[in-house]
Amino acid sequence: MAKKKVQKGKKKFFWNDDAIKLMIGLFFLFFSVCLIIAFVSNFFTWKTDQSFEFQRVISSASIRVENWAGKFGAYFSNLFITNGVGIAAFSIPFLTILLGFRFLNIRLLPFGKTLKLTLISTFLLSVLLGYISGEETTYLGNGLGGKHGFLISEWLNALIGKVGTAIFLVIIILTFLFLNFKFIEDQIRKVFSIPAKKDDKPEEKQTNISSKEKEESVTVTNNITNQDMVFETEFAEDTKESYGGMEVETPEEEDIYNPPTANNEPTNEPGDEELNFTVSNKDFEEASGDVNNFQNQLEDYDPTLDLEHYKLPPLDILEDHSLNASKVSDEELISNKNKIVETLSHYKIQIDKIKATIGPTITLYEIVPAPGIRISKIKNLEDDIALSLAALGIRIIAPMPGKGTIGIEVPNQNPDIVSMLSILSSRKFQESKYDLPVALGKTISNETYIFDLTKMPHLLVAGATGQGKSVGLNAIIASLLYKKHPAQLKIVMIDPKKVELTLYSRIEKHFLAKLPDEEEAIVTDTQKVIYTLNSLTIEMDDRYDLLKKAHVRNIKEYNAKFIKRKLNPNNGHRYMPYIVVFIDEFADLIMTAGREIENPLARLAQLARAVGIHLVIATQRPTTNIITGVIKANFPARIAFRVTSGVDSKTILDSTGANQLIGRGDMLISNGSDLVRVQCAFIDIPELEKLTSYIGEQQSYPTAFMLPEFEGEGASGLPEVDLDKRDELFDDAARLLVQNQQGSTSLIQRKFSIGYNRAGRIMDQLEAAGIVGPNEGSKARSVLFPDEFSLEQYLNDLN
């Protein structure tokens, strides 16, 4: 019944016809072009054209005008510029262009909001230009501001004087900019030290603290298929040359992707800022009985509008460390080939074919032995070949997976440096559609190595001191910062050494997550690490509860459903950003805390992947008491930098090989049965400083992302509270919580503009007074008074 009414309503308007809409849209675009030509021409022809009476100009065919758009141009130029708003009249073709494209179903900007801002801007600009022109009206007839601007400015001059008019115009223009443009508001607040507004909406100012503490924003995620983690193998055609009977592959460098803009603008639709609202229960009830139809009328929501002016870091802040890199010479290739063949011939092993593939730090020699040669015989000659080549360490892969050859990896005499710039600027990374893309470096065949952290789902990084472990962690973090918006990703940083991750404190309000009562976002104290990991398990359990309510299996399905407005924020639903936990020195935590660390970490490793929480832990002591069976079972993806012994290599990778790496970022990556050798990309400290400074100077959230509160076993519940020394805001806070029926610390903090610690003390007093219930993790506390009348009676008795 309802659908029939809608269909009849559509037939009622003639412009619903696609052909009519096309004609109207093209007409507006044609009219806009003519106006622009006419207005530009008016700068040169206005003296001649305005000497005519325009009634005669239109009616008489004998009168000729000089405007490039003919009489049409002369008439509208006189109407809008000379007798109108001056050069501010260029706003008219701007609006007609938007209207024309709207009829063509192309939405460049939100028309309603743009119309309002443009009309106000036109009026102000006309008056400002009229004031500047003053009594000089010989240009464009009535000055730059047109007749409108001239008359208004003259009236203001007579009313409040020229100085008063100037001050008045400055105040009006700044107020207009302040109210309508967020980035200008931020600058004005910074210059004049104006505090932030007290009643900012949660979706604009508040971080995601809990599901009931605010109506949260949602984000538009990439439409990514549920593909397994696959490494792309499309690369440039190899150039093959021959040296002394050996086929040599020199893979060409990958195409460099040129981003569309220098600052890598986030892909927000221009008009999405109009949709910065959430759907309440009342909205659903009033939706004419058809909830699905009501939801279909709403557009997808984008949480990046919380920080709509945030820009992804540009590539030009990174340096190219490989500009003067040395290449492998022909003499080195031929010499190594001859020594390999000669060493094998000493043991009566004949070679039918040998081929070399040159990488940044390693050259892979693939040999095809003569029929009847046992592979194990060649495998056992690893040390002999290394001796003959005088190499730092070689690695034999027998056989090469899927190739039918035996690989011998030989370090180059002059290894190349793989810069982070070359990796992040590659087309493979720029066009990747992974949820959490990580670019680590280049393989032996010069391919950019990229993987999706969500498919790993956790990562164990190990290696001896000074072999590139910290640089590898920085490369992972930089990859995520270059691809994700702060609304889509939160990072927990645990640094027992206290010096490795301090640079990232600059991006605390953008990307970092912490406990509510902590001052520093980077966790260094062992006891606080225990609290943080247990807090993450609470967050994980809360997220699973939300998945259960939404009838979905993982975070990707949940967020997609939330974006389509199929989940109501008032029922506790919220958009879930990915959370990546970095632990820089895991061994130190295990040695000092042991099972208190391992238990929550094991829970996270086993369960957290489905709700978007991923772990990256690093250690320089890959021993069995550190990397236990529980850890290894839940970390199938592992990265091994150079270690000192084959036992350590087996502990990390379940195979040898890491002890034969050459250091300086040379690593092996294991993901199940695959083992790939990669040269880690190098990113220096000055580059990280530029990266974090660029992010830190941009628009941010008021605080870091708050994890759920966690009380350790040593806490015996509520601390002692003296109700005779209640906070002066105690009564007002009690009324606020009863009115909203929501026991939220952040609500008190936001409404009264006080710090978190004071709001927490007030909440403790409210709990001790029996007004709110006990803490329930990330959930809001229950309010024990049903209405304000009963509360007022209680407060009177208490006072």
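For the structure, see preceding data.
Right, let's walk through the structure included here.

Parameters at a glance
- Residues numbered from 1 in each chain as written.
- Predicted model: local features only at pLDDT ≥ 70, side-chain atom pairs only at ≥ 80, totals over all residues.
- Heavy atoms only, no water.
- Pairing = 2+ DSSP bridges.
- Helix = DSSP H or I, 4+ residues; strand = E, 2+ residues; numbered from the N terminus.
- Expected span 1.5 Å × (residues − 1).
- Buried < 20%, exposed > 50% of the residue type's maximum accessible area, 1.4 Å probe, protein only.
- Salt bridge = Lys/Arg side-chain N within 4 Å of Asp/Glu carboxyl O.
- Axes fitted to C-alpha atoms, helices over the stretch in contact; angles between N-to-C directions.
- Parallel < 35°, antiparallel > 145°, perpendicular 65-115°, else oblique.
- Contact = heavy atoms within 4.5 Å.
- Nonpolar A, V, L, I, M, F, W, Y, C, P; charged D, E, K, R; others polar.

1. Section: the sheet that holds strand β14 (residues 613-619)
Argument step 1. Reading across the sheet, the ten strands line up as β8-β7-β17-β16-β15-β9-β14-β13-β10-β12 and stay open at both edges, with mixed pairing between neighbours. Since the sheet does not close on itself, it has two edges, and those belong to β8 (448-452) and β12 (522-523), each with one partner.
Argument step 2. Here strand β9 (residues 459-462) runs beside β14; their pairing, made up of four bridges, is parallel. Opposite Val461, over in β14, you have Ala618 as the bridge partner.

2. Details of helix α5 (residues 91-103)
Argument step 1. Its 13 residues give α5 an end-to-end C-alpha distance of 19 Å, which sits within 8% of 18 Å, the value for a rise of 1.5 Å per residue.
Argument step 2. Residues Ser91, Pro93, Leu95, Thr96, Leu98 and Gly100 constitute the buried set of α5.
Argument step 3. In the segment just after α5, Asn105 is the residue with positive phi, at about 65°.

3. Digging into the pattern of salt bridges
Argument step 1. Evaluation of the coordinates by the stated rule reveals 23 salt bridges.
Argument step 2. Close ionic contact of Glu409 with Arg677 constitutes a salt bridge, the shortest N to O distance being 2.4 Å. Pair noted here: Glu409 is in strand β6 (residues 406-411) and Arg677 is in strand β17 (residues 674-680), with a separation of 268 residues, a long-range link. Accessibility classification places Glu409 together with Arg677 in one group, the buried group.
Argument step 3. Its salt-bridge partner being Asp732, residue Arg735 comes within 3.1 Å of it at the nearest N-O pair. Placement of the pair is Arg735 and Asp732 together in helix α25 (residues 730-740), with a separation of three residues, close to one helical turn.
Argument step 4. Among the residues examined, Asp732 registers a relative accessible area of 37% and is labelled partly exposed.
Argument step 5. Members of the salt-bridge network, linked through shared partners, are Arg395, Glu409, Asp666 and Arg677.

4. Considering the pairing of strand β13 (residues 578-583)
Argument step 1. Here β13 lies mainly inside the structure; six of its six residues are buried.
Argument step 2. Residues of β13 alternate between two faces, with Tyr578, Val580 and Phe582 on one and Ile579, Val581 and Ile583 on the opposite face, all of them buried.
Argument step 3. Across six bridges, strand β10 (residues 489-494) lies against β13 in parallel orientation. Within β13, the position partnered with Ile491 by the bridge is Val580.
Argument step 4. Relative to β14, β13 runs parallel, the two sharing five bridges.

5. Considerations on the packing of α5 against helix α6 (residues 111-133)
Argument step 1. In contact at an axis separation of 10 Å, α5 and α6 are set at 170° when each is read in the N-to-C sense. The angle between the axes of α5 and α6 places the two elements in the roughly antiparallel class. For the pair α5 and α6, contact is made by Ser91, Phe94, Leu95, Leu98, Leu99 and Arg102 and by Phe111, Thr114, Leu115, Thr118, Leu119 and Thr122, respectively.
Argument step 2. Taken together, the residues of the contact of α5 with α6 sort by class into seven nonpolar, four polar and one charged.

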